[in-house]
Amino acid sequence: MTPAKERYICANCGYIYDPAVGDPMNAIPPGVEFAELPDEWVCPMCYATKEQFDPLD
Amino acid sequence: MKPSVASLYQAVELQQEIPPLLIGERANANGSKKFRELLLADDYQACVKVALEQEARGAHVIDLCTAYAGRDELADLTTLVRLCAGALKAPLMIDSTTPACIEACLRLYPGRAIVNSINLEDGGVNIRRICRAAKKYGAAVVALTIDEKGMAMTAAEKVRIARAIHAIAVDEYGLRSRDLLFDCLTFTVGSGDANLRDAAVQTLEAIRRIKAELPGCLTVLGVSNISFGLAPQARRILNSVFLHEAVAAGLDAAIVDAAKIVPLARIPAEDREVCLDLLYNRQGEEVKDPLMRFIAHFSDKAATPAEDGQEGDSKPEEQLFQMVMDGDKEQLEDVLAILRQRFRPIDIINQILVPAMRHVGELFGKGEILLPFVLQSAEVMKASVTLLEPFMDKAEGTAATTVLLATVQGDVHDIGKNLVDIILSNNGYLVHNIGIKVPAETIIEKAREVRADLIGLSGLLVKSAIIMQESMAQYREAGLTVPILLGGAALTPKFVAESCVPQYDAPVVYCADAFAGLKAVQEFEAGTLTATVYDGATAVKAMKPGIRVAEIDRTNPVPVPPFLGQRYVEDIDPAVLFSLINVEALFRGRWGYRRGKMGAGEYADLIEGTVRPLYEELQRKALAGGWIQPRVSYGYFPCRAEGDAVIVQADGAEHRFSFPRQAEAPFLCIADYFKTAGEGGDIAGFFVVTIGPKMSEETARLYQADAYHEYLLLHGFSVEVTDALAEYWHGVMRREMGVGGTQAQNALGAVTQNYQGSRYGFGYPACPDLEAHKPLFAFLKPEAIGITLTENMQMVPEQTTSAIVAHHPQAKYFAV
């Protein structure tokens, strides 16, 4: 399965979701894996949905 | 350990168990006409394919040579080395006589390469530089027996030069004997020149002596030189026999077209004898001259095309299927010609091509292949159909389901619609693509005229979604009864289900992408197509990201801009934009090169080996072709906030920009970032930037030429260059206003807005309404730099963007 702490990038704008940082713009605290983000979560910069994210590296 | 070389993927021993090591010679701009033409057409992908084909045909190492008059050898060679490094399992032989090229390639090649070549032609200058590089990067080196007098002809001369090179490479530069492959450069025995009659004998003798006198050293030979000037079929036999003799003499490696080597066992004994007589210059009894005997012997042997067994073992129908899968257009004509002898063109299309495209679509659906590769497959399909059409009756194919496609009134965006066209038409459907900005009346008329079975409507903007909604009733009143498919960035299943479906009597279907469109057409054929439904109870409601603090500081200082009013700027160097291009969004988003299920290493290889070279190539082409013509109209204007509006003073008049406010906390609105009259008023920046009309022209040309993949690439590139220009100009304006003074260092900095202030694009989430273009155009007057508006306020050319610039430190992106 997805290894822990994997970063994901928004294919639309390039924003990187880093589980170590979380996403303050969406009130997501640090430590939340990308897979655990709620389905309604969107990119804090461009509002792209979760499907538009890609594993970073 | 045995001497070996290596690619990124594997090591290859230079001394094969069954010698020789085969070095593919076709990826050579001097030696192969086909490769040269591909290179001259800048078709690097096809150049790589030439290399790949040789690998498939048994080459252990691939020689790569791009030296050709008028070309930039350094750029070509480094590009191809990078591409090949990712694509080829076989290690590379870097074929250049230019030390700078060799150094650059060795630096970036991720394995152990062979350098081809060094010699003593210049008395010993370049050899030293190349040996130093070879030592530094751990490469093997081919050494030619050439000195200031030219190519050595006799065995004694060849060995003498080999010893001299050995002394420099091994004694001076510390290479090992096993790092050297001596090429004794044979002359032809086919010319009739009396001095060359023993060319083969001298070469074979030199190989034998080098192996004996320079222990550990290897030998290599361009075998086909032996037969220059002879007939092609005879050459293949002679080359094969000579190779056998050379290996017997100790040859380790051969530069050959691996596919053209005939196993000795398959050469009839009498052919072999005639060849050996020529090679060893043996006088005959009846006809003394071995060359005369050779020519006479082979003159009555017509070329047997069956020998050209490049098709391998697969049947042509399997081959065509595979070619669609691989996006491989080479030899398409040949394969189709063979198939046409057995199948009707329509059957080739329906039985082979369409199923292949379906398969490609299924793999895409499963995330196993990426959009760019689907487009390459579609190109093969399209090219096949074009080649088959002359052999088809007019009546054939008209039974296909007919789809009418259009981008709606006022909308100039056609990439989405064109992708649908590409996917549908290359899945066997008859598509009438009637372009952009098409009024509903025209759509109705055309739908009747072509007897469309379905209509597909596209539009990028919010305004276009409204137009789709409004036109539904018009289609109903006109008596249309065919299903309508809707696609576009501003559409949602909810909007289609609630606002469009009820207005029309036949199914209205939301399609998220081109493949959803394909699925809808397939469902239509199966009789299962139904209108989009939206279930609010189970639907996911998107979050609204944003700053949670609603308090906006009212005391921030108002900057002093360098001037008030409007100015044009047209002298921007396009190259400065490249560092601001958001490559992640370009590669993964616009181009569809997403990692998805790929492993990290595989994805890195794809990016570095394929995608980045494509990107760099586009940059080069765009600069060389003058495709990017940055032009800006911008200015700073006194303004004041009034509720949700910003009132701008320009040219002695007041212009009102009404902005929407968020319907929920923190209720943000762009106007909040500007001071009211009571607070002393403020300064607002505005800009309209464009990269000009050339990109649109180029993308249209590619689309017309069915170059789907390049079309997708260039279009995405043009969009990101436009955004880079907006980011660049926003930086200029921040600097001019002295706010933070920071330019986003790169595209990532721009994404996360690590600077003071914000640019809010008109038509984007904080300000979706394009009506703002009306006042904006009144005082920025961008018509003078070639920008116009469509009837629903879209800017033309497509590669244009506009924004209001807020200097307030709390101004960041948000969505209403």
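Note that this is a predicted model, so its numbers are computed, not measured.

1. Re the overall build of chain B
Alright, step 1. Across its full length, chain B holds 25 helices and 26 strands.
Alright, step 2. A burial count over chain B gives 54% of its 816 residues as buried.
Alright, step 3. When the accessible surface of chain B is summed, it comes to about 33900 Å², and 53% of that surface belongs to carbon and sulfur atoms.

2. Points about the packing of helix α3 (residues 73-87) of chain B against helix α21 (residues 600-624) of chain B
Residue and element names in this part refer to chain B.
Alright, step 1. The interhelical angle for the contact between α3 and α21, taken along N-to-C directions, is 155°, at an axis separation of 8 Å. Comparing their axes, α21 and α3 come out roughly antiparallel. Where α3 crosses over α21, the handedness of that crossing is left-handed. Of the residues in α21, those in contact with Thr79, Arg82 and Leu83 of α3 are Glu608, Gly609, Thr610, Pro613, Glu616 and Arg620.
Alright, step 2. Class assignment for the residues of the contact of α3 with α21 results in two nonpolar, three polar and four charged.

3. Brief notes about the packing of aromatic side chains
Residues and elements named next belong to chain B.
Alright, step 1. Summed over all chains, the structure comprises 32 aromatic pairs over all chains.
Alright, step 2. Plain terms: the ring middles of tyrosine 703 and tyrosine 711 are 4.9 Å apart, the flat faces sit at 40° to each other, and that makes the pair tilted. For the pair tyrosine 703 and tyrosine 711, a shared accessibility class is recorded, and that class is buried.
Alright, step 3. Taken together, the ring pairs in this structure connect Phe373, Phe578, Phe587, Trp591, Tyr593, Tyr615 and Phe717 into an aromatic cluster.

4. Regarding the confidence of the model for chain B
Alright, step 1. Here chain B shows a mean pLDDT of 89. Residues at 70 or above account for 95%.
Alright, step 2. Of the regions scoring below 50 in pLDDT, residues 303-313 of chain B engages in nine contacts with residues more than four places distant in sequence or in other chains.

5. Things to note about helix α22 (residues 694-704) of chain B
Residue and element names in this part refer to chain B.
Alright, step 1. Buried within α22 are the following residues: Met695, Glu698, Thr699, Leu702 and Tyr703. The buried side chains of α22 occupy one side of the element, clustering within an arc of 135° when seen end-on.
Alright, step 2. Tucked inside the fold, the buried residues of α22 contact α15 (415-425), β14 (430-433), α21 and α23 (708-737).
Alright, step 3. Just past α22, the residue aspartate 706 takes up positive phi, approximately 60°.

6. Quick notes on helix α10 (residues 290-299) of chain B
For an α-helix, 3.6 residues make a turn, and residues three or four places apart therefore share a direction.
Residue and element names in this part refer to chain B.
Alright, step 1. All of the buried residues along α10 are Pro290, Leu291, Arg293, Phe294, His297 and Phe298. Taken end-on, α10 shows its buried residues confined to a sector of 160°, consistent with a single buried face.
Alright, step 2. Check the buried side of α10 and you find it contacts α8 (232-249) and α9 (269-279).
Alright, step 3. The opening residue of α10, the one whose side-chain oxygen lies 2.9 Å from the backbone nitrogen of leucine 291, is aspartate 289.

7. Focus: the sheet that holds strand β13 (residues 402-407) of chain B
Residues and elements named next belong to chain B.
Alright, step 1. Sheet architecture is open: five strands sit in the order β14-β13-β15-β16-β17, paired in parallel fashion. At either end of the open sheet lies a strand with only one pairing partner, and these are β14 and β17 (508-510). Sheet twist, expressed as the average angle between the axes of neighbouring strands with direction ignored, equals 20°.
Alright, step 2. Pairing of strand β15 (residues 454-458) with strand β16 (residues 484-487) involves four bridges; the strand directions are parallel. By the bridge assignment, isoleucine 455 is partnered in β16 with isoleucine 484.
Alright, step 3. Along the sheet, helix α16 (residues 440-449) contacts β13 and β15; its crossing angle with β13, the most-contacted strand, is approximately 165°.
Alright, step 4. Where helix α17 (residues 462-477) meets the sheet, it contacts β15, β16 and β17, and its direction lies at approximately 170° from that of β16.

8. Topic: the pairing of strand β20 (residues 645-650) of chain B
All names here are of chain B.
Alright, step 1. Across the six residues that make up β20, a large majority, five, are buried.
Alright, step 2. Here four bridges tie strand β19 (residues 631-642) to β20, and the two strands are oriented antiparallel to one another. Bridged to glutamate 642 within β20 is alanine 645.
Alright, step 3. The antiparallel hairpin formed by β19 and β20 contains two residues in its connecting segment, where glycine 643 sits at a positive phi of about 65°.
Alright, step 4. Judged from the six bridges that link them, β20 and strand β21 (residues 653-658) form a sheet pairing that is antiparallel. Paired with alanine 650 across the bridge in β21 is alanine 653.
Alright, step 5. Linking two consecutive strands that pair antiparallel, namely β20 and β21, is a turn of two residues; a positive phi of about 50° is found at aspartate 651 within it.

9. Examining a nonpolar patch on the surface
Alright, step 1. A surface patch of nonpolar side chains, about 250 Å² in accessible area, is lined by Val287, Met292 and Ile295 of chain B.
Alright, step 2. Taking the relative accessible area as the measure of exposure, valine 287 of chain B reaches 38% and is therefore partly exposed.

10. Some thoughts on the interface of chain B and chain A
Interfaces are often described in size by the accessible area the parts lose on coming together.
Alright, step 1. Contacts between the two partners involve 27 residues from chain B and, on the opposite side, 27 residues from chain A.
Alright, step 2. Of the roughly 2100 Å² buried between chain B and chain A on both sides combined, carbon and sulfur atoms contribute 60%.
Alright, step 3. In this assembly, chain B and chain A are joined by two salt bridges.
Alright, step 4. Listed by contribution, the elements that provide at least two residues to the side of chain B that touches chain A are α20 (583-590), α21 and α24 (747-751) of chain B.
Alright, step 5. Ranked by residue count, the leading element in the side of chain B that touches chain A is α20 of chain B, at four residues.
Alright, step 6. Looking at side-chain class alone, the side of chain B that touches chain A contains 14 nonpolar, six polar and seven charged residues.

11. Details of the packing of α3 of chain B against helix α4 (residues 99-108) of chain B
A pair of packed helices is captured by two measures, namely the crossing angle of their axes and the spacing between those axes.
All names here are of chain B.
Alright, step 1. Between α3 and α4, the least distance of the axes is 10 Å, while the angle of their chain directions is 20°. Compared by their axis directions, α3 and α4 come out roughly parallel. For the element pair α3 and α4, the recorded crossing hand is right-handed. In this structure, α3 contributes Glu73, Leu74, Leu77, Thr78, Val81 and Arg82 to the contact, and α4 contributes Ala100, Cys101, Ala104, Cys105 and Leu108.
Alright, step 2. Considering only residue class, the contact of α3 with α4 consists of eight nonpolar, one polar and two charged.

12. Some points on empty space enclosed by the protein
Residue and element names in this part refer to chain B.
Alright, step 1. In total, this model carries two cavities of 30 Å³ or more according to the counting rule given.
Alright, step 2. Counted as a void, the largest cavity has a volume near 80 Å³.
Alright, step 3. Residue lining of the largest cavity: Thr188, Val189, Ser191, Gly192, Asp193, Leu196, Arg197, Leu278, Asn281, Asp289, Pro290 and Leu291, and that is the complete set.
Alright, step 4. Partitioned by chemical class, the residues of the lining of the largest cavity number five nonpolar, four polar and three charged.

13. Notes on the pattern of salt bridges
All names here are of chain B.
Alright, step 1. Evaluated as defined, the whole model comprises 46 salt bridges over all chains.
Alright, step 2. A salt bridge links aspartate 505 to arginine 476; its shortest N-O distance comes to 3.0 Å. Of this pair, aspartate 505 sits in the loop between α18 (493-500) and β17 while arginine 476 is found in helix α17, placing the two residues 29 residues apart along the sequence.
Alright, step 3. The exposed category is assigned to aspartate 505, whose relative accessible area is 60%.
Alright, step 4. Here arginine 476 falls in the partly exposed class, since its relative accessible area comes to 34%.
Alright, step 5. Two residues, glutamate 727 and arginine 759, come together in a salt bridge whose shortest N-O distance is 2.6 Å. On the criterion of sequence distance, the pair formed by glutamate 727 in helix α23 and arginine 759 in strand β23 (residues 758-761) is long-range, its members being 32 residues apart. Assigned by exposure class, glutamate 727 and arginine 759 land together as buried.
Alright, step 6. Salt bridges sharing common partners tie together Asp147, Lys149, Glu157 and Arg160.

About the thresholds
- Residues numbered from 1 in each chain as written.
- Chains lettered and ligands numbered in written order.
- Predicted model: local features only at pLDDT ≥ 70, side-chain atom pairs only at ≥ 80, totals over all residues.
- Heavy atoms only, no water.
- Helix = DSSP H or I, 4+ residues; strand = E, 2+ residues; numbered from the N terminus.
- Buried < 20%, exposed > 50% of the residue type's maximum accessible area, 1.4 Å probe, protein only.
- Areas by Shrake-Rupley, 256 points an atom, 1.4 Å probe, with all protein chains shown as cover.
- Axes fitted to C-alpha atoms, helices over the stretch in contact; angles between N-to-C directions.
- Parallel < 35°, antiparallel > 145°, perpendicular 65-115°, else oblique.
- Left-handed = near helix turned anticlockwise from the far one by under 90°.
- Contact = heavy atoms within 4.5 Å.
- Nonpolar A, V, L, I, M, F, W, Y, C, P; charged D, E, K, R; others polar.
- Phe/Tyr/Trp six-rings, centres within 6.5 Å; stacked < 30°, edge-to-face > 60°.
- pLDDT = per-residue confidence, 0-100.
- Arc of directions from axis to C-beta.
- Polar contact = N/O pair within 3.5 Å; in protein donor to acceptor, adjacent residues only side chain to side chain.
- Pairing = 2+ DSSP bridges.
- Patch = residues over 30% accessible without salt bridge, like charges linked within 9 Å, V, L, I, M, F, W, Y side chains within 5 Å.
- Salt bridge = Lys/Arg side-chain N within 4 Å of Asp/Glu carboxyl O.
- Buried area = accessible area lost by both parts, 1.4 Å probe.
- 1 Å grid on protein atoms, 1.4 Å probe; cavity = no way out; pocket = protein on both sides within 12 Å on 5 of 7 lines; lining within 4 Å.
- Points joined across faces, edges and corners; volume = space filled by probe spheres on them.

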